[in-house]
Amino acid sequence: MNGTTDQAHHSDRVWSVADHLDDILAKLQLPAPVSRQLLDAQGCVLAEDLTVPLPLPPFDNSSMDGYAVRAADVAAATEGSPVTLTVIGDVAAGSGELPTVEPGHAARIMTGAPVPPGADAVVPVEWTDGGTGQGPAATMRAHSHAPQDAGGEVRVHRPAAAGAHVRRAGSDARTGEPALSAGTVLGPTQLGLLAALGLDTVTVHRRPRVVVLSTGSELVQPGELLGPGQIHDSNSFQLTAAARAAGAIAYRVGAVADDAKTLRATLEDQYARADVLVTSGGVSVGAYDVVKETLAGLGTDEGRVEFRKLAMQPGKPQGFGLIGPDRIPLLALPGNPVSSYVSFELFVRPVIRTLMGHPEVHRRPVPARVTASLGSSPRGKRQFLRGAHDPVAGTVTPVGGTGSHLIKAMAHADALIVIPEDTTEVPADAVVDVLPLGPC
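Residues numbered from 1 in each chain as written. Predicted model: local features only at pLDDT ≥ 70, side-chain atom pairs only at ≥ 80, totals over all residues. Heavy atoms only, no water.

A. Local environment of the overall build of the protein chain. A count of helices and strands for the protein chain gives eight helices and 27 strands. Its C-alpha radius of gyration of 32 Å places the protein chain more than 25% over the 22 Å reference for a compact globule of 440 residues. Taking all 440 residues of the protein chain together, 43% fall into the buried category. Sequence separation of 24 or more characterises 71% of the internal contacts of the protein chain that already satisfy a separation of 6 or more. (Helix = DSSP H or I, 4+ residues; strand = E, 2+ residues; numbered from the N terminus. Rg over C-alpha atoms; globule rule 2.2 N^0.38 Å. Buried < 20%, exposed > 50% of the residue type's maximum accessible area, 1.4 Å probe, protein only. Contact = heavy atoms within 4.5 Å.)

B. Highlighting the sheet that holds strand S10 (residues 153-156). Taken in spatial order, the five strands line up as S9-S6-S8-S7-S10 in an open sheet, and their pairing is mixed. The open sheet has two edge strands with one neighbour each: strand S9 (121-124) and S10. Direction aside, neighbouring strands of the sheet carry axes that sit 40° apart on average. Judged from the four bridges that link them, strand S7 (residues 83-91) and strand S8 (residues 105-109) form a sheet pairing that is parallel. Among the inter-strand pairings, Val-87 is bridged to a residue of S8, identified as Ala-106. (Pairing = 2+ DSSP bridges. Axes fitted to C-alpha atoms, helices over the stretch in contact; angles between N-to-C directions.)

C. Structural context of the side chain of Ser-236. Take Ser-236: it is sitting in helix H4 (residues 235-245). Exposure remark for Ser-236: the relative accessible area of 0% places this residue in the buried category. Of the polar contacts made by the side chain of Ser-236, one reaches the side chain of Asp-233; its length is 2.6 Å. Discounting residues that sit within four places of it in the chain, Ser-236 has contacts with Val-212, Ser-214, Arg-252 and Val-253. (Polar contact = N/O pair within 3.5 Å; in protein donor to acceptor, adjacent residues only side chain to side chain.)

D. Broad picture of the pattern of salt bridges. This model, assessed by the stated rule, comprises 16 salt bridges. We note a salt bridge from Arg-13 to Asp-19, for which the minimum N-O separation is 3.7 Å. On the basis of relative accessible area, Arg-13 is assigned to the partly exposed category, the value being 34%. Put simply, Asp-275 and Arg-209 hold a salt bridge, and the shortest N to O gap is 3.0 Å. (Salt bridge = Lys/Arg side-chain N within 4 Å of Asp/Glu carboxyl O.)

E. Main features of the packing of helix H2 (residues 17-26) against helix H7 (residues 337-356). The N-to-C vectors of H2 and H7 enclose an angle of 30°; their axes lie 10 Å apart at closest approach. Relative to H7, H2 is oriented roughly parallel. Between H2 and H7 lies a crossing whose hand is right-handed. Contact with H2, carried on its side by Val-17, His-20, Leu-21, Ile-24 and Leu-25, involves Leu-346, Phe-347, Pro-350, Val-351 and Thr-354 of H7 and no other residues of that element. Each residue belonging to the contact of H2 with H7 can be placed in one class, and the counts come to eight nonpolar, two polar and no charged. (Parallel < 35°, antiparallel > 145°, perpendicular 65-115°, else oblique. Left-handed = near helix turned anticlockwise from the far one by under 90°. Nonpolar A, V, L, I, M, F, W, Y, C, P; charged D, E, K, R; others polar.)

F. Representation of the sheet that holds strand S1 (residues 14-15). Taken in spatial order, the seven strands of this open sheet run S1-S19-S21-S22-S18-S14-S17, and their pairing is mixed. Looking at strand neighbours, the two that pair on one side only are S1 and strand S17 (249-256), the edges of this open sheet. Each of strand S14 (209-215), strand S18 (276-280), strand S19 (306-310), strand S21 (317-323) and strand S22 (328-333) touches H7; the most contacted strand, S22, lies at about 165° to it.

G. The pairing of strand S23 (residues 366-370), seen in detail. Sheet topology note: the S23/strand S27 (residues 431-436) ladder contains four bridges and is antiparallel. Across the sheet, residue Val-366 finds its bridge partner in S27, namely Val-434. With two bridges connecting them, S23 and strand S25 (residues 395-398) associate as parallel partners. The residue bridging Arg-369 from the neighbouring strand is Thr-395, located in S25.

H. Structural detail: H4. Of the positions making up H4, those classed as buried are Asn-235, Ser-236, Gln-238, Leu-239, Thr-240, Ala-242 and Ala-243. In this structure, the buried residues of H4 make contact with S14, S17, S18, S22, H7 and helix H8 (407-411). Phi turns positive one or two residues past the end of H4, at Gly-247, with a value near 115°.

I. Layout of the nonpolar core. Ranked by size, the top nonpolar core spans 42 residues in total, and within it Leu-331, Phe-347 and Ile-352 carry the most contacts. Residue contributions to this core peak at eleven residues, all from H7. Summarising the domain contributions, this core has at least three residues from each of domain 1 (14-31 + 206-356) and domain 4 (366-436). Here Leu-331 is in contact with Ile-24, Val-276, Leu-277, Val-278, Thr-279, Gly-319, Phe-320, Phe-347, Val-348 and Val-351, once residues within four sequence places are set aside. (Core = buried A, V, L, I, M, F, W, Y, C linked by side-chain atoms within 4.5 Å. Domains from an automatic or database assignment.)

Right under this line is the structure:
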């Protein structure tokens, strides 16, 4: 078969959703992990298993403001017959030199301060008179106002068992045990743990840089007045926001007119800052489909840009290839807003998550009962309808019609209803798969 015949034969192929996605993911080149300062690693995926280098907490410390005591000294304490102890000083958080608590003694101690030698329990200040010689104290007096409270005597009204209100060294994490596993997405609590462990940098998969641009001479920037035949550019905003929600660092480029030379120059200008390029519009069979005109056949032999027909609705026309000297993945999506967004969810989002090293690449389908009939679905195509998902009730309600221009309906949906290729009718109360469109 000659090249021309082979290319024509290939262009006639109708790809399944799964085959198109598998082909895209198989051609991705995963970047090497990088070292990042902690706050710069937020939202990134950990690239290595980490173990605990030091115990947490690193020393026995108090969980209360009160008095460090020997439990045996206060075992008989009651409100009617308090135990009086000699206060030998203060132990504040960060204290280095610690007094030794002998029998009959107590050290006033603050939350987080190390438990001094000799003490094996902490009595909360509310169980004492706070050194005032009066009734139960509600709080400690500030040291600057009452320095005498660091000495003198304290009356204890309740007993404290050994270990009471003491956080033992290593009770949170012990040296050598697992801290975080590779594949963990680093959020605020994970970064807090790494900081507590004394780590200032961490090895992660970096967030990919995604450049989004719309094509079409009819597109006008939001905020500008529309002329005859013009519409506001919504796709570039929708797709850029979707890329950020997926975890990418996303950049929006203004809409490009239907001019092949301009589009090609615009794409080449973005090579330096793009790990992924996403276009919308110009991929169908019209005379002004500039993306297809500009990019068809562009790229290396292994990653030549191809424009394909997929067995799906919406989103039948799709393009993919590797372009530029760094073989940047380019995904060319259809221009209708719903088609564009559904295509992003099915193809671009998995690319972003794969490049991030994310453990959850794909949306997880969940079963739900439809609250209304979905009407007819084309045989041989996988259909994606908008829906409002109620995970508590286990239901999904259709939102809007099947038109690929219904952006308002998309904005009121939080899930995609998946109708398989061999299903043409879905009655009310039937169970279908839905793809929740949350941030995870």
